[in-house]
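Survey of secondary and tertiary structure
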Amino acid sequence: MVARQRVMGRYVWWFCLGTLVVNLSPSCSAVILESIYWNSSNPKFSPGQGLVLFPQIGDKMDIVCPRVRPGVVENKDPEYYRVYLVTREQLHSCSIGQSDTPLLNCDKPDRDVKFTFKFQEFSPNLWGLEFLKGREYYITSTSTSSLQGLDNTDGGVCRATSMKLVLRVGQKRMRVSAKLFITCV
Ligand SMILES: *[C@@H]1O[C@H](CO)[C@@H](O)[C@H](O)[C@H]1NC(C)=O
């Protein structure tokens, strides 16, 4: 009986260790994160808050423009956006400056258009973005989603539907530690 309990104990211990390794691996190595679809049907943009993500240095992630599929009858009009990397203040006020340059121009809904983030601290490309560990980066659009509102610089979908993205680079993914706690304690 005692021997059997000891074997069981050892099994549980190995199980925990195994789970620990599996769960930690995504935060240790570079991963390709789920793409962010920049459109009004995306339920990940939660009202008032937008979407908060925790990419790690080395990870990659795409932001994908709305795409009208040929031959598919949509019950919605095509959507048009200019998507910007903004400051914290701009994210809160939902305003874009006249001289700001969009990261992504979603003005051709019949084509596949996307922007790929590579969360690297040093970019070999002169115009490449660099991300510092522990910093936050903010992305939004003040377009209204219609073609006429593409160049709108105040409010837009940032204010109306919280199409905002906060990237907390290099910070701990809360989900990982929560999972470990449930499995091993
Ligand atoms: C909108 O986003 C969803 C994912 O949230 C995606 O499946 C869908 O194809 C996107 N629609 C358009 C028009 O791009």
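Look above for the structure.
Presented here is a report on the structure given in the accompanying data block. Being a predicted model, the structure only gives us computed values, none of them experimental.

Cut-off values and rules
Residues numbered from 1 in each chain as written. Predicted model: local features only at pLDDT ≥ 70, side-chain atom pairs only at ≥ 80, totals over all residues. Heavy atoms only, no water. Helix = DSSP H or I, 4+ residues; strand = E, 2+ residues; numbered from the N terminus. Buried < 20%, exposed > 50% of the residue type's maximum accessible area, 1.4 Å probe, protein only. Contact = heavy atoms within 4.5 Å. Areas by Shrake-Rupley, 256 points an atom, 1.4 Å probe, with all protein chains shown as cover. Salt bridge = Lys/Arg side-chain N within 4 Å of Asp/Glu carboxyl O. Near = heavy atom within 4 Å. Polar contact = N/O pair within 3.5 Å; in protein donor to acceptor, adjacent residues only side chain to side chain. Nonpolar A, V, L, I, M, F, W, Y, C, P; charged D, E, K, R; others polar. Pairing = 2+ DSSP bridges. Axes fitted to C-alpha atoms, helices over the stretch in contact; angles between N-to-C directions. Core = buried A, V, L, I, M, F, W, Y, C linked by side-chain atoms within 4.5 Å.

So, on to the overall build of the chain. Tallying secondary structure elements over the chain gives four helices and eight strands in all. Reading the chain from its N end, one meets helices and strands in the order α-β-β-β-β-α-β-β-β-α-β-α. In the chain, which comprises 185 residues, the share counted as buried stands at 35%. Restricting the contact set of the chain to residue pairs at least 6 apart, pairs at least 24 apart contribute 74%. Here the chain has roughly 12000 Å² of accessible surface; of this, 58% comes from carbon and sulfur atoms.

Attention now moves to the pattern of salt bridges. What the rule picks out here adds up to nine salt bridges. Residue Arg 82 is joined to Asp 151 by a salt bridge in which the shortest nitrogen-to-oxygen separation is 2.6 Å. Of this pair, Arg 82 sits in strand β4 (residues 81-86) while Asp 151 is found in the loop between β7 (136-140) and α3 (156-161), placing the two residues 69 residues apart along the sequence. Arg 88 serves as the salt-bridge partner of Glu 136, at 3.6 Å between the closest nitrogen and oxygen. Pair noted here: Glu 136 is in strand β7 and Arg 88 is in helix α2 (residues 88-93), with a separation of 48 residues, a long-range link. You can call Glu 136 partly exposed: its relative accessible area is 24%. The exposure class of Arg 88 is partly exposed, given its relative accessible area of 44%.

Next up on the list: the site of the ligand. Inspection of the region around the ligand gives Tyr 37, Asn 39, Asn 42, Pro 43, Pro 66 and Arg 67 as its neighbouring residues. Between the ligand and Asn 39, the relevant distance is 2.4 Å, taken from an oxygen atom to a side-chain nitrogen or oxygen of the residue. Separating an oxygen atom of the ligand from a backbone N or O atom of Arg 67 is a distance of 3.0 Å. The fraction of the free accessible surface of the ligand (370 Å²) that becomes covered by protein chains is 58%. Classifying every residue of the shell around the ligand gives three nonpolar, two polar and one charged.

The strands making up a sheet associate through backbone hydrogen bonding, with each pair oriented either parallel or antiparallel. Here we have five strands laid out as an open sheet, ordered β2-β8-β7-β4-β5, and mixed in their pairing. Every interior strand has two partners, whereas the edge strands, β2 (51-53) and β5 (104-106), have only one. Recorded for the sheet is a direction-independent mean angle of 20 degrees between the axes of neighbouring strands. Note that β4 and β5 share three bridges and pair antiparallel. Looking across to β5, one finds that Arg 82 is bridged to Asn 105.

With a phi close to 55 degrees, Cys 94 is a non-glycine residue in the positive phi region. Relative to the helices and strands, Cys 94 is located in the loop between α2 and β5. Its identity is not glycine, yet Ser 145 carries a phi of approximately 90 degrees, on the positive side. By the secondary structure assignment, Ser 145 is in the loop between β7 and α3.

Turning to the nonpolar core, a few remarks are in order. Trp 38, Met 61, Ile 63, Phe 117, Ile 139 and Leu 167 are the most contacted members of the largest nonpolar core, which totals 23 residues. Going through the elements one at a time, β3 (60-64), β4, β5, β7 and β8 (164-168) are the ones with two or more residues in this core. Discounting chain neighbours no more than four positions away, the residues touching Trp 38 are Phe 45, Ile 63, Val 64, Pro 66, Tyr 81, Val 83, Ile 139, Thr 140, Ser 141, Met 163, Lys 164 and Leu 165. Within the second largest apolar cluster, six residues are counted, among which are Val 86, Leu 91, Ile 96 and Val 166.

Taken by themselves, the reported measurements are silent on function.
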